[in-house]
Amino acid sequence: MSAAKLRAFLAVAQYGTFSAAARALGMSQPTLTTQVQGLERRYNVELFHRRGHRVELTAIGARLLPLARQLGELEADAYSLLHDSGELNAGQLRLGAVGPFHVIEMADAYHRRYPRIDVSIRMGNSTSVFKDLEDYTVDIGVLARFHDAPGFSAMPYARHAVILFVPVGHAFAGHASVPLEALQGQPLLRRESGSSTRRAVEEALARQGVVPDNAMEIGSREALREAVARGMGIGAVSEAEFVPDPRFVPVRIEGDPAFTETYLYCLEERRHSRMLESFFDVALSLRKAGGG
């Protein structure tokens, strides 16, 4: 099985037509068609259903796709190793993340160190990021909190206390910090289900037996800020993501009982990929510099 035939198969699977795949690979359509047909004849299988100009993967083609992607990544790593003689002078690094804060600082630091590597960021929730990692759509995931995920390698990056923020006229506004018990019966604005901040706050409240008045569920940081500014309730946010605003005041929770954590994930089998290791090294240097 040749690498060229697998590249042809991958391109057709990605672009959906033989003509588009041929253009992407910079070859003629007959040449690409011959490579795919050669792969099918060699193993007596059908990899695509032809639907006019477009194609769809057969059942065996769908099973081959993730394996071909893995082989393609290994081929790229081997080429990079031989071609660049230990220097990351070319390539693409794809990041997946659930929030912008840490992934932006890491991408910026990495680009400064390796300016010839093309870095892209794909946003989603934790479920979609893990799926993208499994599908080789992204290389590294930046996720909030630790996930028990077999087959994945995890590196802790940062830990930040969750703080409250209230309108300037609120009773808490005159205090640098308040005990968690002060939230008893208070109107507490909640982030959407699945939010790491919401999870951290709810777990801390449950441990102390504190029951706030759950005022409203709000699905974005921006909307939460506006709701707090309008006096609709008390907001909670990771300290690292708090943005000062003259309309409200940050207030710590005594003892920092609620906190968020950030972890980097990749497929275990790819942990020692040269490019991925270079990103983990940059992230580790940032963590040490920030005291995280």
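This text goes with the structure placed above it.
Residues numbered from 1 in each chain as written. Predicted model: local features only at pLDDT ≥ 70, side-chain atom pairs only at ≥ 80, totals over all residues. Heavy atoms only, no water.

Participant: What am I meant to see in the overall build of the protein chain here?
Facilitator: Broken down by element type, the protein chain carries nine helices and twelve strands. The C-alpha atoms of the protein chain give 24 Å as radius of gyration, which overshoots the globular expectation for 292 residues (19 Å, by more than 25%). Projected onto its principal axes, the C-alpha positions of the protein chain cover 75 × 45 × 35 Å. Looking at the protein chain residue by residue over its 292 residues, the buried ones come to 41%. Taking the intrachain contacts of the protein chain between residues at least 6 apart in sequence as the baseline, contacts between residues at least 24 apart amount to 74%. (Helix = DSSP H or I, 4+ residues; strand = E, 2+ residues; numbered from the N terminus. Rg over C-alpha atoms; globule rule 2.2 N^0.38 Å. Buried < 20%, exposed > 50% of the residue type's maximum accessible area, 1.4 Å probe, protein only. Contact = heavy atoms within 4.5 Å.)

Participant: Is there a simple way to explain the pattern of salt bridges in this structure?
Facilitator: Any two side chains of opposite charge can pair, on the condition that their charged atoms come close. One pass over the full model with this rule turns up 19 salt bridges. One salt bridge in this structure joins glutamate 40 and arginine 50, with 3.4 Å as the shortest N-O distance. Taken together, the residues span a long stretch of sequence, with glutamate 40 in helix α3 (residues 29-43) and arginine 50 in strand β1 (residues 48-51) at a distance of ten residues. One salt bridge in this structure joins arginine 112 and aspartate 108, with 3.1 Å as the shortest N-O distance. With arginine 112 and aspartate 108 both in helix α5 (residues 100-113) and four residues apart, this pair spans about one turn of that helix. Connected via shared salt-bridge partners are Glu73, Arg94, Asp139 and Arg270. (Salt bridge = Lys/Arg side-chain N within 4 Å of Asp/Glu carboxyl O.)

Participant: Just to check I follow, could you spell out the environment of alanine 107 for this structure?
Facilitator: Relative to the helices and strands, alanine 107 is located in helix α5. Classification of alanine 107 by relative accessible area gives buried; the value is 10%. Separated by 14 residues in sequence, alanine 107 and leucine 93 place their C-alpha atoms 9.5 Å apart. Setting aside its immediate chain neighbours within four residues, alanine 107 contacts Leu95, Val119 and Ile121.

Participant: What exactly am I supposed to notice about the packing of aromatic side chains here?
Facilitator: Both the distance between ring centres and the angle between the ring planes are used here to describe each pair of aromatic rings. Inspection of the entire model under this criterion finds eleven aromatic pairs. On the basis of an interplanar angle of 70° and a centroid distance of 6.2 Å, the ring pair of phenylalanine 18 and phenylalanine 48 is categorised as edge-to-face. With phenylalanine 18 in helix α2 (residues 18-25) and phenylalanine 48 in strand β1, this pair connects stretches of sequence that are 30 residues apart. Grouping residues by exposure puts phenylalanine 18 and phenylalanine 48 together as buried. A network of ring pairs unites the aromatic residues Phe130, Phe146, Phe152, Tyr263 and Tyr265 as a single cluster. Directly above the aromatic system of tyrosine 43 lies the positively charged group of arginine 42, at a separation of 4.8 Å from the ring centroid. (Phe/Tyr/Trp six-rings, centres within 6.5 Å; stacked < 30°, edge-to-face > 60°. Lys NZ or Arg CZ within 6 Å of the ring centre and 35° of its normal.)

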